[in-house]
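Residues per chain are reported as follows:
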Amino acid sequence: PNGTVSNVVIAYEPVWAIGTGVTATPEQAQEVHEQLRAYLVNNIGTEQANAMRIIYGGSVKANNCDELMAKADIDGFLVGGASLTEEFLKIINSTAAK
């Protein structure tokens, strides 16, 4: 039904980042997020595509969250191990501007 697409969240994590501690560069992450958004625009329309959140997972940490969050198509994070540390607050705060 209309209106429910804003409740949908797509999470992207590069397969090579799973469990490795390696993070995609902000440019690499943005490229994939941009492609995902374009696919959604082409298949469900601009308004619906922009209502959906596309989040990045893949070793998000306090030292890379600001650069990742600055990218246009990254709407938030899927945080793993860093959610168990003090740096989690920094990651949360980096998303406040969006």
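Structural notes, computed from the coordinates.

What follows covers the nonpolar core. In this structure, Ala24, Ala29, Tyr56, Val60, Cys65, Leu68, Met69, Ile74, Phe77, Ala82 and Ile91 together form the largest nonpolar core, which totals 11 residues. When residues in this core are grouped by element, the largest group, 3 residues, is from helix α3 (residues 65-69). Apart from residues no more than four positions distant in its own chain, Ala82 is found in contact with Val60, Glu87, Phe88 and Ile91. Ranked by size, the runner-up nonpolar core spans 5 residues in total, among them Val5, Ala49, Met52 and Ile54.

For the structure shown, the criterion picks out 1 aromatic pair. For the ring pair Tyr12 and Tyr56, a centre distance of 6.2 Å and an interplane angle of 50 degrees mean the geometry is tilted. With Tyr12 in strand β1 (residues 9-12) and Tyr56 in strand β2 (residues 53-57), this residue pair connects regions lying 44 residues apart in the sequence.

Turning our attention to the side chain of Ser59. Relative to the helices and strands, Ser59 is located in the loop between β2 and α3. By relative accessible area, Ser59 is classed as buried at 16%. In contact with Ser59, not counting residues within four places along its chain, are Ala17, Gly21, Val22, Thr23 and Asn64.

With that settled, the discussion passes to a nonpolar patch on the surface. Taken together, Val15, Trp16, Ile18 and Val22 make up a surface patch of nonpolar side chains, about 420 Å² in accessible area. Position of Val22 relative to the elements: it lies in the loop between β1 and α1 (26-44).

To continue, consider the pairing of β2. Counted residue by residue, β2 has 4 buried out of 5 residues, so it is predominantly covered. Pairing of β1 with β2, which is carried by 4 bridges, proceeds in the parallel orientation. Directly across from Val9, in β2, lies its bridge partner Arg53. One ladder, built from 2 bridges, connects β2 with strand β3 (residues 77-78); its direction is parallel.

Moving on to the pattern of salt bridges. Once their charged atoms are close, side chains differing in charge can pair, the charge on each being opposite to the other. This model, assessed by the stated rule, comprises 4 salt bridges. A salt bridge links Glu27 to Lys71; its shortest N-O distance comes to 3.6 Å. Residue Glu27 is located in helix α1, and its partner Lys71 is located in the loop between α3 and β3; the two are separated by 44 residues in the primary sequence. With a relative accessible area of 23%, Lys71 lands in the partly exposed category. Taking the shortest distance from any N to any O, the salt bridge between Lys90 and Asp66 comes out at 2.4 Å.

Moving on, we come to α1. For α1, built from 19 residues, the straight-helix expectation of 27 Å at 1.5 Å per residue is met to within 8% by its first-to-last C-alpha distance of 26 Å. Among the residues making up α1, those that are buried are Pro26, Ala29, Gln30, His33, Arg37 and Leu40. Looking down the long axis of α1, one finds its buried residues gathered within 95 degrees of arc, a one-sided arrangement. Facing away from the buried surface of α1 by more than 90 degrees, the exposed residues are Tyr39 and Asn42. Looking at the buried positions of α1, the neighbouring elements they touch are β1, α2 (46-51), β2 and α3. Immediately beyond the C-terminal end of α1, within one or two residues, lies Gly45, with a positive phi of roughly 100 degrees.

Reading the values: the criteria
- Residues numbered from 1 in each chain as written.
- Predicted model: local features only at pLDDT ≥ 70, side-chain atom pairs only at ≥ 80, totals over all residues.
- Heavy atoms only, no water.
- Core = buried A, V, L, I, M, F, W, Y, C linked by side-chain atoms within 4.5 Å.
- Buried < 20%, exposed > 50% of the residue type's maximum accessible area, 1.4 Å probe, protein only.
- Helix = DSSP H or I, 4+ residues; strand = E, 2+ residues; numbered from the N terminus.
- Contact = heavy atoms within 4.5 Å.
- Phe/Tyr/Trp six-rings, centres within 6.5 Å; stacked < 30°, edge-to-face > 60°.
- Patch = residues over 30% accessible without salt bridge, like charges linked within 9 Å, V, L, I, M, F, W, Y side chains within 5 Å.
- Areas by Shrake-Rupley, 256 points an atom, 1.4 Å probe, with all protein chains shown as cover.
- Salt bridge = Lys/Arg side-chain N within 4 Å of Asp/Glu carboxyl O.
- Pairing = 2+ DSSP bridges.
- Expected span 1.5 Å × (residues − 1).
- Arc of directions from axis to C-beta.

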